[in-house]
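What the coordinates show
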Amino acid sequence: QVQLVESGGGLVQAGDSLRLSCAASGRTFSSYAVGWFRQAPGKEREFVASISGGGGSTVYADSVKGRFTISRDNAKNTVYLQMNSLKPEDTAVYSCAAATMLATMNQAPYWGKGTQVTVSS
């Protein structure tokens, strides 16, 4: 079992930065790939970024490439999402998820409850 708790969301202005954290329980955290997803009101959940268990592989949605960076510290059981140059369209609830493989992230069995990010124009 893996339990995930997100933090770091908030209200910022366009162009600002935020860093989200996804803290995980469990001694085998490094064996899980972790992804960030977001869901805006009235929209489908969408993939944002993911990182392999060892941190050597990352994947990004085209909409965030060059602005967001995913990283992890397995010693702290935490995955981060550094978000720069935020835009109003980045406003959403951001959730992290854990899966055994990057390729199965969309079917991840473990999910956090999410943290709200609001970007004002």
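In the block above lies the structure referred to throughout.
Just so it is clear, the structure is predicted and the values come from calculations on it, not from any experiment.

1. Concerning the state of the cysteines
As used here, a disulfide is simply a covalent bond connecting the sulfur atoms of two cysteines. This structure, assessed with the given rule, holds 1 disulfide. Through a disulfide, Cys-22 is tied to Cys-96; the S-S separation comes to 2.1 Å. Of note, the bridge from Cys-22 to Cys-96 carries an S-S torsion of about 75° and is right-handed in sense. Taken as a pair, Cys-22 in strand 3 (residues 18–24) and Cys-96 in strand 9 (residues 92–99) lie far apart in primary sequence, 74 residues in all. Note on Cys-96: relative accessible area 0%, which makes it buried.

2. Quick look at the sheet that holds strand 8 (residues 78–83)
Backbone-to-backbone hydrogen bonds join strands into a sheet, with any given pair of strands oriented parallel or antiparallel. One open sheet accounts for 4 strands, arranged 1-3-8-7; its pairing is antiparallel. Each of the sheet's edge strands pairs with one partner strand only, and the pair in question is strand 1 (4–7) and strand 7 (68–73). Put simply, the sheet's adjacent strands are angled 15° from each other on average, direction ignored. Of the pairings in the sheet, the one linking strand 1 to strand 3 comprises 4 bridges and is antiparallel in character. Paired with Val-5 across the bridge in strand 3 is Ala-23.

3. Description of the pattern of salt bridges
In the structure shown here, the tally under the stated rule is 4 salt bridges. Between Arg-38 and Glu-46 there is a salt bridge; the shortest N-O distance is 2.5 Å. Arg-67 is the salt-bridge partner of Asp-90, the closest N and O atoms lying 2.7 Å from each other. In this pair, Asp-90 is assigned in the loop between strand 8 and strand 9 and Arg-67 in the loop between strand 6 (58–60) and strand 7, connecting sequence segments 23 residues apart. Arg-67 matches Asp-90 in its accessibility class, with the two residues each being buried. What emerges from the salt-bridge pattern is a single network uniting Arg-38, Glu-46, Arg-67 and Asp-90.

The rules behind the values
- Residues numbered from 1 in each chain as written.
- Predicted model: local features only at pLDDT ≥ 70, side-chain atom pairs only at ≥ 80, totals over all residues.
- Heavy atoms only, no water.
- Disulfide = S-S within 2.5 Å.
- Helix = DSSP H or I, 4+ residues; strand = E, 2+ residues; numbered from the N terminus.
- Buried < 20%, exposed > 50% of the residue type's maximum accessible area, 1.4 Å probe, protein only.
- Pairing = 2+ DSSP bridges.
- Axes fitted to C-alpha atoms, helices over the stretch in contact; angles between N-to-C directions.
- Salt bridge = Lys/Arg side-chain N within 4 Å of Asp/Glu carboxyl O.

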